[in-house]
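Chain by chain, the residues run as shown.
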Amino acid sequence: MLKDFLLEFTKQYHELGHDNFMFFDGIENSDSVNDIIDSVSGLGHRIKFGHDFEGLSESFEIDGIEGITSWFDHMLKDFTSHDGIPLPGAEFVQNVTGMDYQEAVEWLAVDATDVLALGLSVGALNLVEKS
């Protein structure tokens, strides 16, 4: 229930899309970078390609500093979606364990609601502890 509320709350930012928002004033998103990051689609696509440090490196090679800002903007928007972004090394762990992509998304990805829920939980525990 909390996750659903938080996803709805962050959904507006994700729905801005990856091609019509400036991450930094005066630096537009790179369509080439967004196309590369999302060149693999389907369930678990973020674990499969582009949403990792290798994707960051490729973004720089494609479009320099603008590529890096586009990559960070893309990651931030995906962070606010239901599937979130993969943790570092998620693809390796998924391959070694043989888990399917649905499990990998559930266990090896983090989204804004996970972070907000954790923060709310810690805050609530601190309040209870001080009482």
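Check the entry above for the structure.
Here we summarise the structure given alongside this text. For every chain, the first residue of the written sequence is number 1, and numbering continues from 1 along that sequence. The predicted origin of the model limits local features to residues at a pLDDT of at least 70 and limits the giving and counting of side-chain atom pairs to 80 or more, whereas totals for whole chains, interfaces and linings rest on all residues. To obtain the side-chain values, all non-hydrogen atoms of the structure were included, while hydrogens and water were left out.

## Comments concerning the packing of helix α5 (residues 90-97) against helix α6 (residues 101-108)
- Where α5 meets α6, the closest approach of the two axes is 10 Å, and the angle between their N-to-C directions is 135°. Put simply, α5 runs oblique to α6. As α5 runs across α6, the sense of the crossing is right-handed. Only Tyr101, Ala104 and Leu108 of α6 make contact with α5, whose side of the interface consists of Ala90, Val93 and Gln94.
- In this count, Pro and Cys sit with the nonpolar residues alongside Ala, Val, Leu, Ile, Met, Phe, Trp and Tyr, while Asp, Glu, Lys and Arg are called charged and the others, Gly among them, polar. Among the residues making up the contact of α5 with α6, the classes are represented as five nonpolar, one polar and no charged. Interaxial angle, 0 to 180 degrees, is taken between N-to-C directions of lines fitted to C-alpha atoms, where a helix line uses only the stretch in contact. Counting from the N terminus, the helices are the DSSP runs of H or I reaching at least four residues and the strands are the DSSP runs of E reaching at least two. Throughout this description, any angle smaller than 35 degrees is read as roughly parallel, any larger than 145 degrees as roughly antiparallel, any in the 65 to 115 degree range as roughly perpendicular, and the remainder as oblique. Crossing handedness is read from the near helix: turned anticlockwise from the far helix by less than a right angle, it gives a left-handed crossing, and turned clockwise, a right-handed one. The contact criterion used throughout is that any non-hydrogen atoms of two residues lie within 4.5 Å.

## Side note on the pattern of salt bridges
- We define a salt bridge as a side-chain nitrogen of Lys or Arg found within 4 Å of a carboxyl oxygen belonging to Asp or Glu. Taken as a whole and assessed by the stated rule, the structure comprises two salt bridges.
- Asp73 serves as the salt-bridge partner of Lys77, at 3.0 Å between the closest nitrogen and oxygen. Here Asp73 and Lys77 lie together in helix α4 (residues 53-79), a separation of four residues that amounts to about one turn. The same class applies to Lys77 and to Asp73, which are both buried. Only protein chains enter the area calculation, which uses a 1.4 Å probe; residues under 20% of their type maximum are buried, those over 50% are exposed, and those in between are partly exposed.

## Some remarks on the side chain of His45
- Within the fold, His45 resides in helix α3 (residues 45-48).
- Taking relative accessible area as the criterion, His45 reaches 16% and is therefore assigned buried.
- Apart from residues lying up to four places away in sequence, His45 is in contact with Asp38, Val40 and His51.

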